[in-house]
Structure formats: C-alpha cells, structure tokens
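Structural description and commentary
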Amino acid sequence: MKRTWFVLSVLLVLAMLLAACQPAATPAPTTAPTQPPAEPTKPAAEPTQAPEVTEPVQPQEFVFGMLLVGPYNDRGWSQAHYEAGLYVEEKVPGAKMIYIDKVNPADRPGTTPEQLAEDLVSKGAKLVIFNSDDMKDGAEAFAKARPDIIVIHASGDGAWKEGKNYRDLPNLGNVMGRMEYGKMIAGCAAALTTKTGQIGYLGPLINDETRRLAAAAYLGARYCWTEYLGKDPAQLKFKVTWIGFWFNIPGVTADPTQVADDFFNSNYDVVISGIDTTEALVEAKKFRGQGKEVWAVPYDYIEACKEAEEVCLGVPYFNWGPMYAKYIQEAIAGTWKPSWDWVGPDWNDINNPDTSHVGFVKGAALSADASAQVDKFISELAAGLNLWKGPLNFQDGTPFLKEGEVATDLQVWYLPQLLEGMEGQSVSE
Amino acid sequence: MVKTSSRWTNLAFQLLAIILALGFTSLVMVLAKADPLEAYRNIVMGSVGSLNKFSDVLVAWVPLLLATSGLLVTYTAGLWNIGVEGQITLGAIFTTWALRVLQDSALSPALIILIGFISGALGGMLWASVVAFLKIYGGVNEIFGGLGMNFVATALTIWLIFGPWKRPGIGSMSGTEPFKEALWLPTFPGLRISPWSVVVGIVGIVVIYLLLQGTYFGLKLKAVGRNRRAAFLLGIPTTQYMWMAFLLCGLFAGLAGAVQVLGVYHRLIPSISSGYGFLGMLVAMLINYQPTWAAPVALFFAALNIGSIQLPIVMKLDSTLSGVLQGALVLSVLLMDGVRQRLMQRR
C-alpha cells in the first residue's frame, strides 16, 4: 500500500511538472469555448439560406487557414491577425477562416508549423497564412512540400526578389506593414510625454525586423524631442531590453513583466512595447496605482489601449484585413501571384480600416498639447518627412548614412545594428 | 498480495479504469460546454484519418517509444529516472554539436547522420551518468538529481541558442540555423516520417524486451529493483547494475533526442524534448513496467497528442485535453489496481 501512495504522489508531482511546462497553454480554454458557437453557425446557416432567396450566384466556399504564434486573444500581434481573418470572412463572400493558435514549440511540444499547416489543409484550407517570423523555416518548407497551396508568410522576405533570402517559390508570398511609421509616432508620443527624458523599449527577440522597429521608435522620439521640444538629443535616453522571444515563455525568455518593472523602477517613465503582448501597459497601470507617473505604448492591436486607458499614450497597430482580403479574392479568382508587400499607411487617413495597413490610435493618457504635436508629426510624415536620412551612425559609431543620404528599403529592412544614441544589444553576443 | 486473480477480473478492472478515465475527461468537456463524442471522433480522425496523419503520429511515437524503452530499464532497477527529459535534451545537443562540426566536412551525409545518432546516445548517457554518480556515491535521490539536471539541460540549450550557436545577426529562442536537407533523415515521399527513425524505435523496444524478459541481466536487474539489499547479499553487484540501468536509459533517451534533431526539427530548439520524457513515464506506469505493451500504448499516446490538434481547429477546444485524458488514464489504472489488490487481500 505504501508503494501505491508513493506512486500516486510521484504522479501528482509529474502532473504538476507537466502543467508547469505549458503555462501559456492553459489560460485560453476558459474563454475559448464561449465565443466560438456563434462562428461555426454563421457559415452553416449561410448555405442553407442562400439557395432559397437568391438563386443566381451562390458564393463558393473558400477556406483559408491561419497559424497564429500566440493565443488568438492576446490583445497583440496574433489577435490583430485573427481579427483580420474575421474581416476577410465579412468582406469576401464565401471566405471561411480556420486557425490554430499558440503555434510555437513551447505551447505545442512535438509539432512543427508545417505539420499544423497540413492539419489546416486537411480541413479544406486552400491558402495558409503563417503569422510569425518564427515560422519562416516552416512556411518555406511547407510551400515547397505543397505547391498546390498558397502560402502567405507575414513579416517574411522569402518572396522579395531583391532581398537577401529570396526563395523563388511560385506559391509563397509575404506581407508586412511599414510599421516603422507607427513606431516613429509611438516614439514621438513617448518623447513628448517623458518627464525624466528616459524611454524604455521592451524588445522581443533580436533580428532585422526588431532592430529596425526599435530604431524607428528612437528616430521618432529624437525628432520630436529636438524639433518640437527644442531639447538636446544628448539628454534623451533610449534603452532597449530584449526578452528573447515575441512573448513570455517562462524559464526560456526573460520575463517582460520584470523588464517593464525594472524600467519603471530606474527612472524610465515611458515604456514602448515591441512584444506581442501587453505586459508594459499592465505594469504601467500597476505603477500608476502606486502613485508613480508612468506611461506605456503597447503594440500591434488596435484595441490594446483598452486594458489600461489611463496610462496608454496610444498604440501603433497593424490592420492586416485589407491585404488578406485582397490575396484571398485573388486566390478565388485564380489570379494570385507571389509578391513581397511592404505596405505603408494610407496617409489620407492612417486609421481607415479598409485602406490603411498600419495605423496609430492615440491614447487617453496623451496630453492635449502632445496630442496636437503628434498630429503635426503625422502630417509631416504624410507630407514626406523621412527620418531614415543621414547623417546617421550605427550604435558602434560607424557611419550608416552620409549627410543627406536616404536609406533604401534594403538598408532599412536589413538594419544590421541599432543606431547611435540607443542603449541595448544590437546582436546577441 | 495473493496472486490468484484470474485474467478476467484483471481485464474487468482495466476496462473499468478506462471507462473511469473517459468518464472523467468527458465530464471536463461537458463542464467546458463541449460535446465529448464529437471531441473523441475528432481525435480519432485527426490521428488515423489519413496516411498523412498517421505518419505524424509515428513521428511522435518514435521518440516517445525510445524514452519509454529507456525508462523501463531504470524502473526495473527500482529507479525513478525523472532526469530522462534532460537526457533527451542532451542527446539533442550532442547530435546538433556533431552535425555542426561535420556538416561542412567531406564525409557522406549518411555517415554524418550515423555519427549524429551515436553522439546523441553518448550525450544522453553522459547526463544520466551524472544522476547515477550523485545517486550511487553522493546519496542524492535520483528524483532530485534528475530534476536538477533537467533544469541544467534547459539552461544549457537556451545558452547555446542565444550564444555560441545563434543564427547570424539573430538573438531569438526560435532555434539554431536548420541543417541542410542532405542531413535530414530521409522520409517516405510526401510524409514526415522517416523509415530510419521507425527502425530505430522498433529495434530499441525489441532490444529492451529481450534484455528484460530473456536474459540473466534482466532477471538480476529485477532482483535489484525488488530488493536491493537482498540482491546484494545474493551476490549481485548492485552498484554496477544501477550504473548499467542509468546508462542504458540515458542511451535510449539520447537516441530520442537525436531523432528529434535529425528527423523532426533539423535544428536545436529550446523545448527539443517535447515532453516525451515525462509522457514516457506515464506510458511506463500505465503498462506496469512491462515492455510487452510499450509499443502499442506509446502509439496510443502519440495518437492522442496528434489527434488532439483537431480540437482547437474544429471545436475551439484546447489541445491539452489529450494530456487530461492521458493523466486520467494512468491515475485510474493505478487506482483500479489498488482497489483490486485491496479486494483480493480481504478475500
């Protein structure tokens, strides 16, 4: 009998260990089942209804799949993609989304993106969107293995002819937003708000994309700091701390909550988030509750500020819907061709949900003065202001752009280092 | 414990255990407002519904079976080798290491892959030997030693991925640079499973079966497991046998890690063990440490893992439900075993 108890207690320990190994996996199920019932019924009702009322064209169903690196409701990167999928379902007749979220080896041990894409295809998907840079190898391997399926790899460059990683696959396309603008606006709002002159940047992992986005935030901050406030650029501190992945994976990445706390505790009063989730905002709210004057700028998702309006300066966000709708329409019509699309904002209205791929929503915590200046900054950008212009040096002091030289797309996309004036690692050592 | 129970009562108790586990899992689903039958149907279709799916099940089956095979040896010796996870990880690290060193050499890819396997086995054995050393000479219980070594293995992986083995210009936990395709275990056309890894898995469990059921070594190992002191007094060199058990388990775990690198991920990632070590412990407990049923039960567990991927796609349920079912199964089988023994004793 003693042995049985021993066995049972060891089992219990094991169960706890297993549970501890997959912490991010658990929060979703409680919320997940409540929402979906509405969704499956919608397409089911459609076909039954359609034949009776309208006889002429019944839209044929076109299933597209999406692999989301994080939870579909992360209030960040993955949710922006998920809602873009809902947008497509609404705008493109017959389009139906299926998806798998938390596609990363920590949440789904033993799986690969290619394999999960195959699962979506077996459920009818004709086009699969891989939503993370982390799935680059998987997206390309899958595109090679399944020439009959259209693969859209968001944030990748495998379809960029002039790029460094061109793969020349007839069924692989890329899309990314020119979020540099959004980050510049975020940096501007941060610089106009900070009282200590110290801005923290909560960085994800280090690669070309994250370096250029952090650098863009710095450029925006420095511009508004010097041009609008008339202050000395040397007085502006801008520090990047990387956590090692797009979101927190306990035991693997640095803890973004801790990193944000460290910023706020060491006189950095604005934290700009570069990660998929909203820890910076949540922590700012916590510090505000303790009477500290701090702010945060979240990222990725249009409604991210809602989690803590009182500390939110605004959010640069992606609006993937229109591009995805375009690809899926083309796929239905049979006219889709691989392309690498780096899509900017619609400068007439950067928050137009049908035309602007990136946007910026100002937050409630932005002061009236700062708000007016942010508007001015946006209109300057719209009029052609380019901050990727020399003289600019890399972090180590080597020249990046000569006086008056404007960076090309290649130079910006593959930014090899942070810029002079920024603190933080450029490449992991 | 009287050994008079007939096969039929045994079977009845096991059946009852399965019903209990299914009932519990169904209850969880009902509480989450999901249809259990629909969920089970999806799991089945998602695991054996097509050749493609079944080949994915095999991809998970091989490392799980290898881990289970190794664990059967340590269990037989009465050892709780919880460090198996770290041993898988070290196998993967050593395999990656060997491939990184040799990938640009003139050696043929087949030879490099073979060296990769051998290195993986050595890596697993190295990590197991630390636990064995602590246990045998330091008096550190292998559960604690193993647990500690698991953490060290994870830290080592992350350090390598962010540090010396990082991809050029990148600091990300997503893994090392993938190896060129020539160094991937060749697969069946259009599928993800390699015949070679299946062969490694099957040979592994057959070897363990023969070793434990058909040799003196196996018999003596059992004696060590049942009563170490008595075995020692009867002239069995128990220290040596414990060493052998740890090293064998490390070897198999290392092979599992090698398969993960060579046949599944083609690079090193932070969670390279995929939890197959812990899952292997559950399999071993479920089969009462007898190798006969290792292959089918591991296959069943692998099928649950792969099939449950359908749940989020089709029903918006979390795939960790398969883990609930696996855990419930093991618990209820042990529970029923206890109930049966108690009833037998009363009689």
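Note that the coordinates shown come from a computational prediction; the quantities given were computed from them, not determined experimentally. (Residues numbered from 1 in each chain as written. Chains lettered and ligands numbered in written order. Predicted model: local features only at pLDDT ≥ 70, side-chain atom pairs only at ≥ 80, totals over all residues. Heavy atoms only, no water.)

Things to note about the sheet that holds strand 11 (residues 340-343) of chain A
Residues and elements named next belong to chain A. Cut-off, in case you're wondering: Pairing between strands requires that DSSP locate at least two bridges from one strand to the other. Strands are runs of DSSP state E lasting at least 2 residues, helices are runs of H or I lasting at least 4, and numbering of each runs from the N terminus. The axes used here are C-alpha line fits, helices contributing only the stretch in contact, and every angle between their N-to-C directions lies in the interval 0 to 180 degrees. What makes two residues a contact is simply this: any of their non-hydrogen atoms within 4.5 Å.
Pairing in this open sheet of six strands is parallel, and the strands run 2-1-3-4-5-11 from one edge to the other. The open sheet terminates on both sides in strands that have one partner only, identified here as strand 2 (95-100) and strand 11. Across the sheet, the mean angle separating the axes of adjacent strands is 20° when strand polarity is ignored. Here helix 5 (residues 113-122) sits on the sheet and contacts strand 1 (62-67), strand 2 and strand 3 (127-130); the angle it forms with strand 1, its principal contact strand, is near 160°. Each of strand 3, strand 4 (150-154) and strand 5 (172-177) touches helix 6 (residues 136-145); the most contacted strand, strand 4, lies at about 165° to it.

Re helix 12 (residues 294-307) of chain B
Basically, it comes down to this: Helix span is expected to be 1.5 Å times the residue number reduced by one. The buried label goes to any residue with under 20% of its type's maximum accessible area, the exposed label to any with over 50%, and the partly exposed label to all in between, with areas taken from a 1.4 Å probe on protein chains only.
When the terminal C-alpha atoms of helix 12 of chain B are compared, their 19 Å separation across 14 residues agrees well with the 20 Å that a helix rising 1.5 Å per residue should span. Within helix 12 of chain B, the full set of buried residues consists of Ala294, Val297, Ala298, Phe301, Ala302, Ala303, Leu304, Ile306 and Gly307 of chain B.

A look at the UniProt feature "transmembrane region" (unreviewed entry) in chain B
All names here are of chain B. Using the following cut-off: UniProt positions are given in the numbering used here, feature names are shortened, and annotations may be inferred rather than shown by experiment.
The UniProt feature table records "transmembrane region" (unreviewed entry) at residues 58-75, 111-134, 143-162, 193-219, 240-262, 268-287, 294-315 and 321-339. With 100% helix and 0% strand, residues 240-262 has end C-alpha atoms that lie 32 Å from one another. Counting secondary structure, residues 268-287 comes out at 55% helix and 0% strand; the distance between its end C-alpha atoms is 31 Å.

Some words on the packing of aromatic side chains
All names here are of chain A. Quick note on the threshold: A pair of Phe, Tyr and Trp rings is counted when the ring centres sit within 6.5 Å of each other, with Trp represented by its six-membered ring. The angle between the planes then sorts it: under 30 degrees is stacked, over 60 is edge-to-face, the rest tilted. A ring has a charge above it when a Lys NZ or an Arg CZ is no more than 6 Å from the ring centre and no more than 35 degrees off the ring normal.
For the structure shown, the criterion picks out 31 aromatic pairs over all chains. Here the aromatic residues Trp77, Tyr299, Phe318, Trp320 and Tyr324 are joined through ring pairs into a cluster of three or more. The cationic tip of Lys183 hangs over the ring face of Tyr299; the distance from NZ or CZ to the ring centre is 3.5 Å. If you follow Arg212 out to its NZ or CZ, it ends over the ring of Trp413, 4.0 Å from the centre.

Notes on the sheet that holds strand 15 (residues 422-423) of chain A
Residue and element names in this part refer to chain A. Reading across the sheet, the five strands line up as 9-8-6-7-15 and stay open at both edges, with parallel pairing between neighbours. Looking at which strands have only one partner, the edges of the open sheet turn out to be strand 9 (295-297) and strand 15. Strand direction decides the pairing type here: strand 8 (residues 270-273) and strand 9, joined by three bridges, are parallel. Each residue of the ladder has a partner; that of Val270, found in strand 9, is Trp295. Its contacts with the sheet put helix 9 (residues 256-265) on strand 6 (198-203), strand 7 (237-242), strand 8 and strand 9, and the angle it makes with strand 6 is roughly 175°.

Examining the domain arrangement of chain A
Residues and elements named next belong to chain A. Here is the rule we go by: Each domain span listed reflects an automatic or database assignment of domains. Buried area, as used here, totals the accessible surface that two parts lose on assembly, with accessibility defined by a 1.4 Å probe and the loss added over both.
What the domain assignment lists for chain A is domain 1 (60-177 + 320-350) and domain 2 (180-319 + 357-423). For domain 1 and domain 2, the distance between their C-alpha centroids amounts to 27 Å. In total, about 3000 Å² of surface goes out of reach between domain 1 and domain 2, with carbon and sulfur atoms giving 66% of it. In terms of surface lost to domain 2, no three residues of domain 1 exceed Arg75, Trp342 and Trp347, which account for 24% of the buried area on that side.

Some details on the state of the cysteines
Residue and element names in this part refer to chain A. Spelled out, the test is: Two cysteine sulfurs form what is called a disulfide whenever their separation falls within 2.5 Å.
The final tally for this structure, using the stated rule, is two disulfides over all chains. Covalent S-S linkage joins Cys188 and Cys224, the inter-sulfur distance amounting to 2.0 Å. Measuring handedness by torsion sign, the sulfur bridge of Cys188 and Cys224 sits at about -95° and is left-handed. One end of the pair, Cys188, is in helix 7 (residues 179-193); the other, Cys224, is in helix 8 (residues 208-228), with 36 residues separating them in the sequence. For Cys188, a relative accessible area of 0% puts it in the buried group. Cys305 shares a disulfide with Cys312; S-S distance 1.9 Å. Disulfide Cys305-Cys312: torsion about the S-S bond near -50°, hence left-handed. The exposure class assigned to Cys305 is buried, which follows from its relative accessible area of 7%. Residue classification places Cys312 among the buried positions, given a relative accessible area of 0%. By sequence-ordered numbering of the bonded cysteines, chain A has its disulfides arranged as 1-2, 3-4.

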